[in-house]
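Residues per chain, in single letters:
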Amino acid sequence: MSNIKLETQNAVTAAQLSAIAADEQAAVKTLDTATGAGNDFLGWTDLPERTDSKLLDDIMDAARSLRNTCDTVVCVGIGGSYLGAKFVIEALSGNFAAMEPGRIGAPKVLFAGQNISEDYLYELTGLLRSRSFGIIVISKSGTTTEPAIAFRILREQLEAQVGRGEAAKRIVAITDAKRGALRVLADREGYRTFVIEDNVGGRYSVLTPVGLLPIAVAGFDIRALVQGARDMHARCASGDDVAATYAATRNILYRAGKKIEILVNFCPRLHFLGEWWKQLYAESEGKDGKGIFPASVDFSTDLHSLGQMIQQGERTVFETVVSVDKVDHSVIIPEDKDNLDGINYLAGKHVDYVNKMAEKGTAIAHIDGGVPNIRIQLPAITESVLGSLIYFFERACGVSGYMLGVNPFNQPGVEEYKRNMFALLEKPGYEEDTKAIKARL
């Protein structure tokens with residue numbers, strides 16, 4: 001059973017939770033019975049149980065193949081096609097992993113296709129000229145602009161460096177089972193492939209091959225990650241639905257005028273947890289003129305930049321603090337005979353003790369300043385704990401979206417910028433849009 005703890009008493013009262021319980025249970029029923037809007041994208045709900053040993057064996061075999069031939073693997077994707085893997089790899093790696101050799105037997109995992117920066121791609125391709133690299137390309141269609149550009153450039157470079165036949169062995173495509181440009185290319189070139197299920201949206205895909213393959217390539221235990229998700233699913237199904245409680249708490253605060261949720265960590269390795277979480281909640285809830293705006297901060301760093309705004313700015317914010325009980329290492333603060341910095345009172349204490357006191361002190365200050373605090377307590381940062389946390393946030397997002405009265409599983413607004421971009425680029429088929437937007441310019 002998952003041992004993540006949720007504390008809401010510094011955000012809402014038991015009476016408030018009781019008052020909204022009917023709405024909460026209705027949203028839970030809508031999700032669990034697949035009767036709400038977007039119910040054709042609920043494949044993630046039972047995904048941990050449906051992920052069998054055969055699929056995990058196949059993913060680990062593909063990871064071994066890349067590890068045996070590559071010192072670097074570039075994961076090409078955008079949004080949910082990279083953020084989940086990036087979050088888990090960053091959380092499980094050391095803070096200075098970029099400066100160190102990869103884990104034993106594991107290549108460095110880099111990312112591309114998440115932007116359209118020419119400098120980024122120039123510097124990446126320059127780095128890869130001296131590397132033995134492979135590619136994991138992730139796209140249902142194969143035509144999403146950002147990853148399509150990156151993959152075309154990287155595939156050409158890989159084929160030039162090792163030959164077309166060898167390149168085909170170093171490219172793994174994660175795409176649609178039957179349709180799309182990437183499926184056609186993969187079948188033609190003989191790439192190894194994994195399928196993105198039609199009923200799993202990108203932002204809910206970290207526990208599919210989309211996230212599991214890059215995580216396995218980086219040398220982490222995907223079986224434990226999936227088991228952690230199973231544990232959280234079982235816990236919520238058993239009646240201890242902490243995900244639904246989190247969803248209800250968020251909605252109580254939203255209805256009370258708290259429009260901005262800040263995800264807080266006191267552990268730098270969890271920075272990309274915030275990036276993944278922001279996409280999950282922003283795309284799921286931000287529509288129909290509604291939605292809690294998701295932001296994230298790294299404390300205590302950002303207490304010296306955003307702390308003033310959080311403490312005394314407009315009272316439209318609340319915080320969800322992800323707290324980690326156990327650190328991996330030990331560092332003791334030494335005594336200094338001159339004590340010029342005035343911190344000898346901390347001598348002999350662990351740095352993490354100071355960090356924990358900063359966390360507690362910040363929570364008290366912000367609560368006193370009118371900022372409600374939700375607390376999610378993790379026992380440690382491990383694969384199984386992160387698997388539980390991923391499923392917790394995914395389930396809570398579905399429940400919260402239904403409580404909010406939106407479809408949590410579509411993202412119609414994402415297409416707006418694409419149409420304008422294609423018109424400005426004069427993409428075939430957008431001639432009328434091109435005329436209209438040029439007239440505006």
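Before reading further, recall that the structure is shown in the block above.
None of these values were measured; they are calculated from a predicted model.

*Asks:* Explanation requested: the overall build of the chain in the structure shown.
*Replies:* The number of helices and strands found in the chain is 18 helices and 10 strands. The globule rule puts the C-alpha radius of gyration for 441 residues at 22 Å, and the 23 Å found for the chain is close to it. Seen along its three principal axes, the alpha-carbon backbone of the chain occupies a region of about 60 × 60 × 50 Å. Burial status across the chain gives 49% buried among its 441 residues. Sequence-distant contacts in the chain: of pairs separated by 6 or more residues, those separated by 24 or more amount to 79%. With the model as given, the accessible surface of the chain reaches about 20300 Å², and the carbon-plus-sulfur share is 53%.

*Asks:* How should I be thinking about the environment of Q308 in this particular structure?
*Replies:* Structurally, Q308 is set in helix 14 (residues 307–312). Put simply, Q308 and D119 are 189 residues apart on the chain and 35 Å apart in space, counted from C-alpha to C-alpha. Here the side chain of Q308 touches Q312 through a polar contact of 2.7 Å, side chain to side chain.

*Asks:* Looking at this structure, I do not really get the nonpolar core. What am I missing?
*Replies:* Nonpolar side chains in soluble globular proteins generally cluster together in the buried interior. Grouped together as the largest cluster of nonpolar side chains are 94 residues, with contacts concentrated most on F87, L213, Y246, L273, W276, F392 and F393. The element best represented in this core is helix 16 (residues 383–404), accounting for 13 residues. Not counting the four nearest positions on each side in its chain, W276 is found in contact with L83, G84, F87, R203, V206, I390, F393 and E394. Core analysis: the next-biggest nonpolar cluster, separate from the first, contains 21 residues, L128, V137, F151 and I171 among them.

*Asks:* Could you clarify how one ought to interpret the pattern of salt bridges in this entry?
*Replies:* It is possible for side chains of opposite charge to pair when their charged atoms get near one another. Under the definition given, this model contains 30 salt bridges. Residue E426 pairs with K438 through a salt bridge whose shortest N-O separation is 2.5 Å. Here the residue E426 occupies a position in the loop between helix 17 (414–424) and helix 18 (431–440), and K438 occupies one in helix 18, the gap between them amounting to 12 residues.

*Asks:* Which parts of the structure should I look at to understand the sheet that holds strand 7 (residues 260–265)?
*Replies:* The pairing of strands in a sheet comes from backbone hydrogen bonds and takes either a parallel or an antiparallel form. If you trace the five strands from one edge of the open sheet to the other, you get 1-10-9-7-8, paired in mixed fashion. Where the open sheet ends on each side, the last strands, each with one partner, are strand 1 (5–7) and strand 8 (293–298). The mean inter-strand angle of the sheet, taken between neighbouring strand axes irrespective of direction, is 20 degrees. In this structure, strand 7 lies alongside strand 9 (residues 317–324), joined through six bridges in parallel fashion. The partner of I260 across the bridge, within strand 9, is V317. Against the sheet, helix 16 contacts strand 1, strand 7 and strand 10 (373–378), and its axis sits at roughly 145 degrees relative to strand 10.

Cut-offs used in this document
Per chain, the residues get numbers from 1 upward, laid out in the order the sequence is written. Local features in a predicted model are, by the rule used here, given only for residues with pLDDT of at least 70; side-chain atom pairs are given and counted only at 80 or more, and totals for whole chains, interfaces and linings are based on all residues. As a rule here, side-chain values come from all non-hydrogen atoms in the structure, and water together with hydrogens is ignored. Numbering of helices and strands starts at the N terminus; helices are DSSP runs of H or I of at least 4 residues and strands are runs of E of at least 2. Only the C-alpha atoms count toward the radius of gyration. The rule for a globule is 2.2 Å times the residue count to the power 0.38. Each residue is placed in one exposure class: buried if its accessible area under a 1.4 Å probe, protein chains only, is under 20% of its type's maximum, exposed if it is over 50%, and partly exposed if it falls in between. Contacts: residue pairs with any heavy atoms within 4.5 Å of one another. Each accessible area value is a Shrake-Rupley result obtained with a 1.4 Å probe; residue values ignore everything except the protein chains displayed when judging cover. Whenever a nitrogen or oxygen atom comes within 3.5 Å of another N or O atom, the pair is scored as a polar contact, on the condition that within protein one atom can donate a hydrogen and the other can accept it, and that pairs from neighbouring residues in sequence are kept only if both atoms are in side chains. The term nonpolar core refers to a set of buried residues drawn from Ala, Val, Leu, Ile, Met, Phe, Trp, Tyr and Cys, joined through side-chain atoms within 4.5 Å. We count a salt bridge whenever a side-chain nitrogen from Lys or Arg sits within 4 Å of a carboxyl oxygen from Asp or Glu. DSSP-based pairing: two strands are paired if at least 2 bridges between them are found. A fitted line through C-alpha atoms serves as each axis, taken over the contacting stretch for helices, and the angle formed by two N-to-C directions is quoted from 0 to 180°.

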